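# Fold and contact review
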Amino acid sequence: MNALGMIETNSIPVGVNAGDAMLKAATVELVAAQPVCAGKYIVIVTGEVAAVRAAVAAGEKKPEAAGMLSESVVIPSPHPD
């Protein structure tokens, strides 16, 4: 694992759609995709740094995500634990 990427949305359907775009945009592995509380949804992926950045960018650029994106982050070279 070279990087972790995550997006959080304020809508479950938008989160599912953004996660789909993330997985189609680059060669990344899905770590988690789930609701975290009422109406919020997170998608976490792992892979090469460039692939994770491309995947997160694809999730952010979904037209439905405009105004519904709560947070996104890419962590290159995370500690193995």
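Numbers given for residues are sequential positions, taken from 1 along each chain in its written order. With pLDDT at 70 or above as the cut-off, local features in this predicted model cover only qualifying residues; side-chain atom pairs require 80 or more to be listed or tallied, and sums for whole chains, interfaces and linings still use all residues. As a convention, hydrogens and water are excluded, and side-chain values are obtained from all of the structure's heavy atoms.

## Section: helix H1 (residues 12-25)
Each helix corresponds to a stretch of at least 4 residues labelled H or I by DSSP, and each strand to a stretch of at least 2 residues labelled E; elements are numbered beginning at the N terminus. Multiplying 1.5 Å by the residue count of a helix minus one yields the expected span of that helix. Taking 1.5 Å of rise per residue, the 14 residues of H1 would be expected to cover 20 Å, and the 20 Å separating its terminal C-alpha atoms lies within 8% of that figure. For H1, every residue scored as buried is listed here: Val 14, Gly 15, Ala 18, Gly 19, Ala 21 and Met 22. The buried residues of H1 occupy one face: seen down the axis, they fall within an arc of 160°. Every exposed residue of H1 that faces more than 90 degrees away from the buried side is listed here: Pro 13 and Lys 24. Under the rule applied, a polar contact is a pair of N or O atoms within 3.5 Å (in protein, one hydrogen donor and one hydrogen acceptor; residues adjacent in sequence only if both atoms are side-chain atoms). One side-chain oxygen of the residue at the start of H1 lies 3.5 Å from the amide nitrogen of Val 14, identifying that residue as Ser 11. Type-normalised accessible area, obtained with a 1.4 Å probe on protein chains alone, sets the label of each residue: buried when under 20%, exposed when over 50%, and partly exposed for intermediate values. Taking the helix axis as origin, the arc is that swept by the directions to the C-beta atoms.

## Describing the sheet that holds strand S2 (residues 29-37)
One open sheet accounts for four strands, arranged S2-S3-S1-S4; its pairing is antiparallel. Of all the strands in the sheet, the pair left with one neighbour each is S2 and strand S4 (69-76). Across the sheet, the mean angle separating the axes of adjacent strands is 10° when strand polarity is ignored. Pairing analysis gives seven bridges linking strand S1 (residues 3-9) to S4, with the strands arranged antiparallel. In the strand pairing of S4, Ile 7 is matched with Ser 72. Any pair of residues with heavy atoms lying within 4.5 Å of one another is described as a contacting pair. Fitting a line to C-alpha atoms yields each axis, with helices limited to the stretch in contact; the angle taken between N-to-C directions then spans 0 to 180 degrees. Strands S1, S2 and strand S3 (40-47) of the sheet are contacted by H1, whose axis makes an angle of about 15° with S3. In the packing of helix H2 (residues 49-60) onto the sheet, contacts are made with S1, S3 and S4, and the angle to S4 comes to roughly 175°. Only when DSSP finds a minimum of two bridges between them are two strands counted as paired.

## A look at the nonpolar core
One finds Ile 7, Met 22, Val 28, Val 43, Val 45, Val 52 and Ala 55 to be the most contacted residues of the largest nonpolar core, which totals 13 residues. Of all elements in the fold, only S1, H1, S3 and H2 reach the threshold of two or more residues within this core. Top contributing element to this core by residue count: H2, with four residues. Once residues lying within four places of it in the same chain are set aside, the contact partners of Val 28 are Met 22, Leu 23, Val 45, Thr 46, Ala 51, Val 52 and Ala 55. In these notes, a set of buried Ala, Val, Leu, Ile, Met, Phe, Trp, Tyr and Cys residues joined through side-chain atoms within 4.5 Å is what counts as a nonpolar core.

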